[in-house]
Amino acid sequence: MAKVVLDKPGEAKEPARIGVYVCHCGGNISDYVDVAKVAETVAKEDGSVVVSKHLMFDCSDVAQQEMIDDIQKLKLNRLVTAACSPKLHEATFRAAAKRAGLNQYLTYHANIREQSSWPHSDDPHGATEKATSHVRSGIAYVKSAQPLDVLRSESTQSVMVVGGGVTGLRAALDLARMNVRVYLVEKAPYLGGHVAELASTYPLGEKGIAIVQRLVSEIQEQPNITVFTNAELVSFKGYVGKFSVTVRMNPRYVVDRSPRFAEAIEACPVQVPEEFDHGLTVRKAIYWPRGPTVPHLPLIDLGLCTRCGACERLLGKAVRFDQPPENLELQVGSVIVSTGFEDYTPALGEYGYGEIPDVVTLPEFERMLEFGDGSGLRHNGHAVGSIAYLYCVGSRQKPGEATTPGSPAHAYCSRFCCNATIHNALDVSGRYPDVRLYHFYRDIRTYGRNELLYEKAGRAGSIFVRYTEDHPPVVSQRDGTAHVTVQASILQNEAVDFPVDLVVLVTGMVSRENRSLNEMLSLPIGPDGFYREVHQKLRPVETNTAGLLIAGTAQAPKDIRETLYSGSAAAAKAATFALKKELELEPFVAFVDPARCSASGKCVAECPYGAIELREQGDFGKKAWVNSAVCKGCGACVAVCPTEAIQRAGFSNDQIRDMIRALGVAEEGA
Amino acid sequence: MAAAGFEPRILVLSTNAISDPGIDYAGSGHVHYPAAARVLRFPCSSMIRPEFILHAFRSGFSGVLIAADGGDCPYLRDCPERTSRRINDAYALLKANGIDPSRLRMSGICSVCSEAFAKHVKSLYEAVQKLGPVVPPGA
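For clarity, every value in this text was computed on a predicted model and none was experimentally measured.

(A) A look at the interface of chain B and chain A. Each partner contributes to the interface: chain B provides 42 residues, whereas chain A provides 52 residues. With both sides pooled, the region where chain B packs onto chain A buries about 3,900 Å², and carbon together with sulfur makes up 54% of that total. If you sort the residues of chain B by the area they bury against chain A, B:Arg38, B:Arg41 and B:Arg49 come out on top, with a joint share of 17%. Viewed at the interface, chain A and chain B are joined by 4 salt bridges. Between the two partners, chain B and chain A, sit 23 residue pairs in polar contact (both at pLDDT 80 or more). At the level of secondary structure, the elements contributing two or more residues to the side of chain B that touches chain A comprise helix H1 (19-28), strand S2 (37-42), helix H2 (50-58) and helix H3 (79-96) of chain B. Residue composition of the side of chain B that touches chain A, grouped by class: 21 nonpolar, 9 polar and 12 charged.

(B) Representation of the state of the cysteines. Per the counting criterion, the structure on display carries 1 disulfide over all chains. Each sulfur in the disulfide pair B:Cys110 and B:Cys113 lies 2.1 Å from the other. With the S-S bond torsion at 105°, the cross-link from B:Cys110 to B:Cys113 turns out right-handed. Summary of cysteine pairing: A:Cys603 is not part of a disulfide, and the nearest cysteine sulfur, belonging to A:Cys597, is at 6.3 Å. The class for A:Cys603 is buried, based on a relative accessible area of 7%.

(C) Quick peek at the sheet that holds strand S21 (residues 386-393) of chain A. Residue and element names in this part refer to chain A. Taken together, 5 strands build an open sheet; the order of strands is S18-S27-S21-S22-S23 and the sheet is parallel. Since the sheet does not close on itself, it has two edges, and those belong to strand S18 (359-361) and strand S23 (463-466), each with one partner. The sheet shows a mean angle of 25° between the axes of neighbouring strands, taken without regard to direction. Inspection of the sheet shows S18 paired to strand S27 (residues 502-507) by 3 bridges, in the parallel sense. For Val 360, the partnering residue across the bridge sits in S27 and is Val 504. Its contacts with the sheet put helix H11 (residues 417-431) on S21, strand S22 (436-441), S23 and S27, and the angle it makes with S21 is roughly 170°.

(D) Region of the structure containing helix H4 (residues 114-131) of chain B. All names here are of chain B. Along its 18 residues, H4 runs 26 Å from first to last C-alpha, staying within 8% of the 26 Å computed at 1.5 Å per residue. All of the buried residues in H4 are Ser 114, Phe 117, Ala 118, Val 121, Leu 124, Tyr 125 and Val 128. Within H4, the buried residues cover an arc of 135° as seen down the axis, which keeps them to one side. Away from its buried face, by an angle of more than 90 degrees, H4 presents the exposed residues Glu 115, Lys 119 and Lys 130. If you follow the buried residues of H4, they end up packed against strand S1 (10-15), H1, S2, strand S3 (63-68) and strand S4 (104-108).

(E) Region of interest: the pairing of strand S16 (residues 334-337) of chain A. Residues and elements named next belong to chain A. Burial of S16 is two-sided: the residues Ser 334 and Ile 336 facing one way and the residues Val 335 and Val 337 facing the other way are all buried. Across 4 bridges, strand S6 (residues 158-162) lies against S16 in parallel orientation. Paired with Val 161 across the bridge in S16 is Ile 336.

(F) Geometry of the packing of helix H6 (residues 166-176) of chain A against helix H7 (residues 208-220) of chain A. Residues and elements named next belong to chain A. It is at 10 Å that the axes of H6 and H7 come closest, and there the two elements cross at 30°. One finds that H6 runs roughly parallel with respect to H7. When you trace H6 past H7, the crossing you get is left-handed. Across from Val 166, Leu 169, Arg 170, Ala 172 and Leu 173 in H6, the residues of H7 making contact are Ile 211, Val 212, Leu 215, Val 216, Glu 218 and Ile 219. Of the residues contributing to the contact of H6 with H7, the split by class is 9 nonpolar, no polar and 2 charged.

(G) Geometry of the packing of aromatic side chains. Applying the stated criterion across every chain yields a total of 14 aromatic pairs over all chains. On the numbers, 6.2 Å between centres and 45° between planes, the contact of B:Phe42 with B:Phe52 is tilted. Separated by 10 residues along the polypeptide, B:Phe42 in strand S2 and B:Phe52 in helix H2 bring together distant segments of the chain. Residue B:Phe42 shares its accessibility class with B:Phe52, and that shared class is buried. An aromatic cluster of at least three residues, connected via ring pairs, comprises A:Tyr438, A:Phe440 and A:Phe498. The lysine or arginine in question, A:Lys632, covers the ring of A:Tyr609, its NZ or CZ lying 4.6 Å from the ring centre.

How each quantity is defined
- Residues numbered from 1 in each chain as written.
- Chains lettered and ligands numbered in written order.
- Predicted model: local features only at pLDDT ≥ 70, side-chain atom pairs only at ≥ 80, totals over all residues.
- Heavy atoms only, no water.
- Contact = heavy atoms within 4.5 Å.
- Buried area = accessible area lost by both parts, 1.4 Å probe.
- Salt bridge = Lys/Arg side-chain N within 4 Å of Asp/Glu carboxyl O.
- Polar contact = N/O pair within 3.5 Å; in protein donor to acceptor, adjacent residues only side chain to side chain.
- Helix = DSSP H or I, 4+ residues; strand = E, 2+ residues; numbered from the N terminus.
- Nonpolar A, V, L, I, M, F, W, Y, C, P; charged D, E, K, R; others polar.
- Disulfide = S-S within 2.5 Å.
- Buried < 20%, exposed > 50% of the residue type's maximum accessible area, 1.4 Å probe, protein only.
- Pairing = 2+ DSSP bridges.
- Axes fitted to C-alpha atoms, helices over the stretch in contact; angles between N-to-C directions.
- Expected span 1.5 Å × (residues − 1).
- Arc of directions from axis to C-beta.
- Parallel < 35°, antiparallel > 145°, perpendicular 65-115°, else oblique.
- Left-handed = near helix turned anticlockwise from the far one by under 90°.
- Phe/Tyr/Trp six-rings, centres within 6.5 Å; stacked < 30°, edge-to-face > 60°.
- Lys NZ or Arg CZ within 6 Å of the ring centre and 35° of its normal.

These results come straight from atomic positions and should not be treated as a statement about function.
Encoded structure:
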């Protein structure tokens, strides 16, 4: 390995000695682009090009070694590679330059595959000219490139997890076991989110609350996890390694333990539908949350409380109506957002929902299964001897099919619901073997091992009836009985009528609104309303804000197993920041030449991140100054500066002009 | 009228996170568009100074397409508004310099908008082909 000598600041002033390496990419490039001609043309027309080659694979070890040897033997001080998209291999060649002792930012990676050979495979001459042009712009870039140092920033070795569902619990636990300090913040008064509601989870039939309790009991053994329930984020600033987050702990108005909670709850005269049971049961204004809660106290719903004093008389000083919210400012190095999903709520009248009493959703039915009193399955005052499941309600909608006003159509498949429904049917068959079960579906997507559940449900007596999306089933009510009329595919769409005791709408997942959180954290949201990762495959839990990670069903519909994978993945990613004392950041930030700055303040006003301020700078007086740790490098400030005093490192205004000029060069004979 | 055989060059100003991947996606899908379109990627279209656009026309380009992020911009929520302001300033600058502002176009290109990108390039290419070079030969 070559000795590594870091660049001196003066190096950029030496005349450029450039090496150009044009890649064949097997034939992906060279089948359409005359790579030899590209290499030859740029060498001929520019004296700074010391060596210009075309290689079979620029990214191969052999080719990289050839570049390193050339840099060292020929004293090259700039490197231009022309190959695939920089998204794939820019980092590869920067690393090669670094190994050769060259500053990694004195390089340019020209895109001549995705942006030349492939789109212009119909025009080899044009593709060759364009590739030449892109290489010329790379040469122009490196000529005035300055060596840059990566930015270093101190790393706070703690992580905040926002959302205490199973994903957040999993992430918190994994991080704590890596000795990382974790703050877990949950808006609801209890942990476990939707999973806590599930009567039986596939494939093993475990109760949802049991899964939650197992995670929570493990968390309770970790001294380095602090859990906040009934709490939310109210401010967020900073950058990776050094976020400052304010958490507001909302008051519970019950501040101390008491042996008389049960009596006090009994005494409360207010009754409202219990959200946890989807309104199928009631709770009081003072109530116990239905999942694990920290601290272990009931709370008073002040919006509903009539201040009758009944609980106060029983609980004395344990009730404090003047308990204020408490703000806590915490320093963390990264944040995992695992805020979960909402159940799709069918529109009024959608498959009879809200109009026909025997129509419920799958999440509601999950709760109903928990209320059994041993006298069989009952609903709405009658025994349930038959159930119709209607699949894909609120999922796989076509544009314009949205049933929620103002919401885009839910074009996606919600992924968990076929499995959950078939498992639910097996659960019902196990509990109530005489209940007849009909499944009305478009497609069954019991992917992976869940396919076995599908087979099992069929053997257990479930009847599957397929319809096409053009002929959805119709739910009606006649003589007090719900009817599902379906045009069955297997009968050439002949309509068949099924009178049933209960219709279960298999509703999917929709994104949570969480507007204030989304704006506070500048979270990227995809067209489906869920958070969007930087890259589906390569960077599946990251956002464009370094250190701000996403996990679970806040990102996309997932089942429990999958959401736990993503919780662990986000924990691993957070650990890559939290386990380091110092972080290295890309140096592509704005910088100010104070001698040129007219202190117009335009850049300060333009920056949405508050990265720029006017501050005293010695002899220059009050001039713009960039906090490079806060700057995201968008360059918006560059466009508004009246004197070009503020520019972006690694992409200066002169570089841009030189590149445009180089791209504009006409080919001979053109 | 256009000079016979005039082959215009188009400068596409893309963005690193969104539209450049969209242009890559066109390439991966072998979606064809005129090779006369050269690409320079910016971090965000809000960085484009109007003078850069004038400079492009003076450097031999007959058309400029800003492949903006639209609402997908990872940096700026109001990126489309900011970019529109830059474009409006650029229109004024082009007019002041005797360049037909219709040679400059902006379109939001998402990271998978390959067909849309190809369509916009073709359309601008055809439009500027009719308009002819910015400075006609011999002028």
